[in-house]
Amino acid sequence: MLYAIIGQDTPDSLDKRMAARPAHLTRLQTLQDEGRLLLAGPFPAVDAVDPGVAGYTGSLIVAEFASLQAAQKWAETDPYAAGVFGKITVQPFKKVLPA
């Protein structure tokens, strides 16, 4: 089943985000290589593709996991969980479109 993982950044965490980004992307690449990643990306803090020093307010990942518990464990062990994300929400997701 698909699960949406929504991480909300802590204030002023851009430096921590950039430091943890390579390890975070490696984990996402593994999901992609396994054919389990539907989409992933950050929420810019301002209305711009590159928010610069404004940074990000969080991230969204939609991926396939065996269970809610597996998705939660994956999210809790992501490098962003250690100082970038202040709150992580994991919930089932049903893709409707595009078909």
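A brief structural summary. A quick note: this is a predicted structure, and the numbers were derived from the prediction, not measured.

Thoughts on the overall build of the chain
Scanning the chain from N- to C-terminus turns up two helices and four strands. Each helix and strand of the chain, ordered N terminal to C terminal, gives the series β-α-β-β-α-β. In terms of overall dimensions, the chain is globule-like: its C-alpha atoms have a radius of gyration of 13 Å, near the 13 Å expected for 99 residues. Its C-alpha atoms give the chain principal-axis dimensions of roughly 35 × 30 × 25 Å. Buried positions account for 27% of the 99 residues belonging to the chain. Sequence separation of 24 or more characterises 74% of the internal contacts of the chain that already satisfy a separation of 6 or more. Per element, the accessible surface of the chain, about 6,100 Å² overall, is 56% carbon and sulfur.

What to know about the nonpolar core
Counting eleven residues, the largest nonpolar core is built from Y3, I5, L28, L31, I61, A63, F65, A71, W74, A75 and V90. Only β1 (2-9), α1 (14-33), β3 (56-64) and α2 (68-76) provide two or more residues apiece to this core. Top element by residues in this core is α2. It accounts for three residues. With residues near it in sequence (within four places) discarded, L28 still touches L37, A40, I61 and W74.

Examining α2
Burial in α2 covers these residues: A71, W74 and A75. Take α2 and look down its axis: the buried residues cluster within an arc of 95 degrees, on one side only. For α2, the exposed residues lying more than 90 degrees away from the buried face are Q69, K73 and E76. On its buried side, α2 packs onto β1, α1, β3 and β4 (85-93).

A few points about the pattern of salt bridges
Taken as a whole, this structure holds three salt bridges when the rule is applied. With a shortest N-O distance of 2.9 Å, D9 and R17 are connected by a salt bridge. Here R17 falls in the buried class, since its relative accessible area comes to 4%.

What counts and how
As a convention, each chain's residues are numbered from 1 in the sequence order in which they are written. Given that this is a predicted model, residues contribute local features only at a pLDDT of at least 70 and side-chain atom pairs are listed and counted only at 80 or more, while totals for whole chains, interfaces and linings are drawn from all residues. Only hydrogens and water are removed before side-chain values are computed, so all heavy atoms of the structure are retained for them. Put simply, DSSP H or I for four residues or longer makes a helix, DSSP E for two residues or longer makes a strand, and each gets a number counted from the N terminus. Our radius of gyration is a C-alpha quantity, and the globule rule it is checked against amounts to 2.2 Å times the number of residues to the power 0.38. Think of it in three bands: with a 1.4 Å probe and only protein chains considered, a residue is buried below 20% of the maximum accessible area for its type, exposed above 50%, and partly exposed in between. Whether two residues are in contact is decided by their heavy atoms: any pair within 4.5 Å suffices. Note on areas: Shrake-Rupley, 1.4 Å probe, and residue coverage restricted to the protein chains presented here. By nonpolar core we mean a set of buried residues, namely Ala, Val, Leu, Ile, Met, Phe, Trp, Tyr and Cys, connected to one another through side-chain atoms within 4.5 Å. By construction, the arc corresponds to the directions joining the helix axis to the C-beta atoms. For salt bridges, the criterion is a side-chain nitrogen of Lys or Arg within 4 Å of an Asp or Glu carboxyl oxygen.

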